[in-house]
Amino acid sequence: MVSSFVHAIGTPVWVADDEQTWIKGVVTQLGEQLVVSTSQGERRVASASAPLQNKDGEEVDDMTDLAFLHEPGVLWNLKQRYSSSNIYTYTGGILIAVNPFQSLPQLYGRKVMDMYSSGDPAGLPPHVYAIASAAYKKMRQEGKGQAILVSLIHIIDAYFFPEVSALIAFHVDMLTSSEALSTV
């Protein structure tokens, strides 16, 4: 029998699924392949194909706080945050915004903008205003222009995230405008 250094009986894992992309499961048997019990029945998968679930089932503001930063963990965290109208999530210095397909006026306006522009936004939830404020403060501090990279990423499997068609990542890349243009 092949031993597993990562998995043990009772280990919560993710299993790839054709319909839902990833589903939660629990290892019930070790061997050449793991036997994993899921809501869709038992699955036999290679150990390397069963990433571990994060221990606490709570969403995080910054995905670098996840013990396991892998595809199913990231998608699960974004989906949990999205379902509670938290459309912004950090991954280090990158801000991921999930399109809510509805108006969320409580996220915008002068009052919210002032919260992020005055003082330290460290205790505040992730927000596009925090990225803009950091770039503006850095520009004022250094006397140089700042670049913000905006990237649109399409989610291929809409079944896992049916309400969402895209993720938009914002990243403050502390480059001057001329340095940013010279690297293109």
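Residues numbered from 1 in each chain as written. Predicted model: local features only at pLDDT ≥ 70, side-chain atom pairs only at ≥ 80, totals over all residues. Heavy atoms only, no water.

A.B. asks: Just checking my understanding: could you explain the overall build of the chain for this structure?
C.D. replies: Scanning the chain for helices and strands turns up four helices and eight strands. Taking all 184 residues of the chain together, the buried fraction comes to 37%. Considering only residue pairs separated by 6 or more positions, the chain has 43% of its internal contacts joining residues 24 or more positions apart. Put simply, the chain shows about 11000 Å² of open surface, and 57% of that area lies on carbon and sulfur atoms. (Helix = DSSP H or I, 4+ residues; strand = E, 2+ residues; numbered from the N terminus. Buried < 20%, exposed > 50% of the residue type's maximum accessible area, 1.4 Å probe, protein only. Contact = heavy atoms within 4.5 Å. Areas by Shrake-Rupley, 256 points an atom, 1.4 Å probe, with all protein chains shown as cover.)

A.B. asks: Could you clarify how one ought to interpret the nonpolar core in this entry?
C.D. replies: Note that soluble globular proteins tend to have their nonpolar side chains buried in a common cluster. The biggest cluster of nonpolar side chains holds 12 residues, and these are Ile 87, Tyr 88, Tyr 90, Leu 95, Ala 97, Leu 104, Leu 107, Val 112, Tyr 116, Tyr 129, Ala 130 and Ile 131. Elements that contribute at least two residues to this core include exactly β5 (88–91), β6 (94–98), α2 (110–117) and α3 (128–142). Here this core gets three residues from one element, more than from any other, and that element is α3. When near neighbours in sequence (up to four residues on either side) are disregarded, Tyr 116 contacts Pro 121, Leu 124, Pro 125, Pro 126, His 127, Tyr 129, Ala 130, Ser 133 and Lys 137. (Core = buried A, V, L, I, M, F, W, Y, C linked by side-chain atoms within 4.5 Å.)

A.B. asks: Help me understand the pairing of strand β3 (residues 34–38), please; the structure alone is not making it clear to me.
C.D. replies: Looking along a regular strand, one sees the side chains alternate between the two faces of the sheet. Burial within β3 is extensive, with four of its five residues counted as buried. With four bridges connecting them, strand β2 (residues 21–29) and β3 associate as antiparallel partners. Paired with Val 27 across the two strands is Val 36, which belongs to β3. Between the end of β2 and the start of β3, which pair antiparallel, lie four residues. Bridge count for β3 against strand β4 (residues 41–45) is five bridges, and the pairing is antiparallel. For Leu 34, the partnering residue across the bridge sits in β4 and is Val 45. Here β3 folds back onto β4 in antiparallel fashion, the turn holding two residues. (Pairing = 2+ DSSP bridges.)

A.B. asks: Where do I start with the sheet that holds β3 in this structure?
C.D. replies: Backbone hydrogen bonds are what pair the strands of a sheet, in a parallel or an antiparallel way. Within the open sheet, the four strands sit side by side as β1-β2-β3-β4. Their pairing is antiparallel. The open sheet has two free edges, formed respectively by β1 (12–17) and β4, since each of these has just one partner strand. On average, each strand axis in the sheet is inclined to that of its neighbour by 45°, with strand direction left out of account. Running at roughly 120° to β2, helix α1 (residues 71–83) makes contact with β1 and β2 of the sheet. (Axes fitted to C-alpha atoms, helices over the stretch in contact; angles between N-to-C directions.)

A.B. asks: Sorry, what's going on with α1 here?
C.D. replies: Note on helix geometry: an α-helix contains 3.6 residues per turn, so any two residues three or four positions apart are oriented the same way. Across its 13 residues, α1 extends 18 Å between first and last C-alpha, which sits within 8% of the 18 Å expected from 1.5 Å per residue. Backbone geometry just downstream of α1 places Ser 85 in the positive-phi region, at approximately 60°. (Expected span 1.5 Å × (residues − 1).)

A.B. asks: Which parts of the structure should I look at to understand the pattern of salt bridges?
C.D. replies: Pairing between side chains of opposite charge can happen when their charged atoms approach one another. Inspection of the entire model under this criterion finds five salt bridges. We note a salt bridge from Arg 81 to Glu 59, for which the minimum N-O separation is 3.4 Å. Of the two residues, Arg 81 is situated in helix α1 and Glu 59 in the loop between β4 and α1; the sequence distance between them amounts to 22 residues. (Salt bridge = Lys/Arg side-chain N within 4 Å of Asp/Glu carboxyl O.)

A.B. asks: Please clarify how the side chain of Thr 89 should be interpreted in this entry.
C.D. replies: With respect to the helices and strands, the residue Thr 89 is situated in strand β5. At 2.7 Å, the side chain of Thr 89 forms a polar contact with the side chain of Arg 81. Residues within four places of Thr 89 in sequence aside, it is in contact with Val 60, Asp 61, Met 63, Asn 77, Leu 78, Arg 81, Ile 94, Leu 95, Ile 96 and Pro 126. (Polar contact = N/O pair within 3.5 Å; in protein donor to acceptor, adjacent residues only side chain to side chain.)

A.B. asks: Looking at this structure, how should I read the confidence of the model for the chain?
C.D. replies: Close inspection of predicted coordinates is inappropriate for parts of the model with low pLDDT. Looking at the chain, pLDDT values average 80 and 79% of them are 70 or higher. Across the chain, β3 holds the top mean pLDDT of 96, while strand β8 (residues 166–173) sits lowest at 33. Note that pLDDT drops below 50 for residues 154–184; the model gives that stretch 78 contacts with residues more than four away or on any other chain. (pLDDT = per-residue confidence, 0-100.)

A.B. asks: I keep staring at unusual backbone geometry and nothing clicks. Help me out?
C.D. replies: Generally, phi is negative for residues other than glycine and the peptide bonds are trans, each holding for most cases. Here the phi dihedral of Thr 21 falls at roughly 70°; this positive angle occurs in a residue that is not glycine. Its location among the elements puts Thr 21 in strand β2. If you check the backbone angles, Ser 85 has positive phi at about 60° while not being a glycine. Overall, the relative accessible area of 30% leaves Ser 85 in the partly exposed class.

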